[in-house]
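Chain by chain, the residues:
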Amino acid sequence: MQAVEMFLDEKIGYMDIVKTVEKCCDAHVQELLQKPSLDEIVHFDQWARDWVSGNVKSAREAVAA
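The residue numbers shown here count from 1 along each chain, following its written sequence. Where totals are concerned, whole chains, interfaces and linings use all residues; where local detail is concerned, this predicted model gives features only for residues with pLDDT of at least 70, and gives and counts side-chain atom pairs only at 80 or more. To get the side-chain values, all heavy atoms of the structure are used, and hydrogens and water are removed first.

Engineer: Tell me about the layout of surface pockets, residues and numbers included.
Structural biologist: Both cavities and pockets are sets of points on a 1 Å grid over the protein atoms alone; in a cavity a 1.4 Å probe fits but cannot get out, in a pocket the set is open with protein on both sides within 12 Å along at least five of seven lines, and lining residues sit with an atom within 4 Å of a point. Grid points are joined across faces, edges and corners, and a volume is the space filled by probe spheres set on the points. A volume near 240 Å³ is recorded for the largest pocket. Together, 13 residues line the largest pocket, and Met 1, Val 21, Cys 24, Ala 48 and Arg 49 are the ones closest to its centre. Helix numbering and strand numbering both begin at the N terminus, where a helix is a DSSP run of H or I of at least 4 residues and a strand a DSSP run of E of at least 2. Within the residue set of the lining of the largest pocket, elements represented by two or more residues are helix 1 (2-8), helix 2 (16-28) and helix 3 (38-55). Of all the elements, helix 3 adds the most residues to the lining of the largest pocket, at six residues.

Engineer: With reference to specific residues and values, describe the pattern of salt bridges.
Structural biologist: A pair is scored as a salt bridge if a Lys or Arg side-chain nitrogen falls within 4 Å of a carboxyl oxygen belonging to Asp or Glu. Under the defined criterion, the tally for this structure stands at two salt bridges. Here Lys 19 ties to Asp 16 by a salt bridge, and the two come within 3.8 Å at their closest N and O atoms. Placement of both Lys 19 and Asp 16 in helix 2 is noted, with a separation of three residues, approximately one turn of the helix. Only protein chains enter the accessibility calculation, which uses a 1.4 Å probe. A residue is then buried if its area is under 20% of the maximum for its type, exposed if over 50%, and partly exposed in between. Accessibility expressed as a relative area gives 35% for Lys 19, which makes it partly exposed. In this structure, the salt-bridge partner of Asp 45 is Arg 49, at a minimum N-O distance of 2.9 Å. Here Arg 49 and Asp 45 lie together in helix 3, a separation of four residues that amounts to about one turn.

Engineer: Explain the packing of aromatic side chains residue by residue, including any values.
Structural biologist: Think of it this way: a Phe, Tyr or Trp ring, Trp meaning its six-membered ring, pairs with another when their centres are within 6.5 Å, and the plane angle makes it stacked under 30 degrees, edge-to-face over 60, tilted otherwise. For the coordinates displayed, the defined rule picks out one aromatic pair. With 5.7 Å between their ring centres and 70° between their planes, Phe 7 and Tyr 14 make a pair best called edge-to-face. Of the residues examined, Phe 7 reaches a relative accessible area of 29% and is grouped as partly exposed. The exposure class assigned to Tyr 14 is exposed, which follows from its relative accessible area of 57%.

Next up, the structure:
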């Protein structure tokens, strides 16, 4: 999980992990699939990692993103 990696790299705080994941999920809700295939799961896992990397660079941005 990208948010946990950012926490371990001391880019965001522990409490920012949940905020970051929540913001990412909110951004993804439009593309939610009820029964995703394995390929779709892999695709959206990468999408989420890219979203977090591109939208959150610091704890301040984790809250505001």
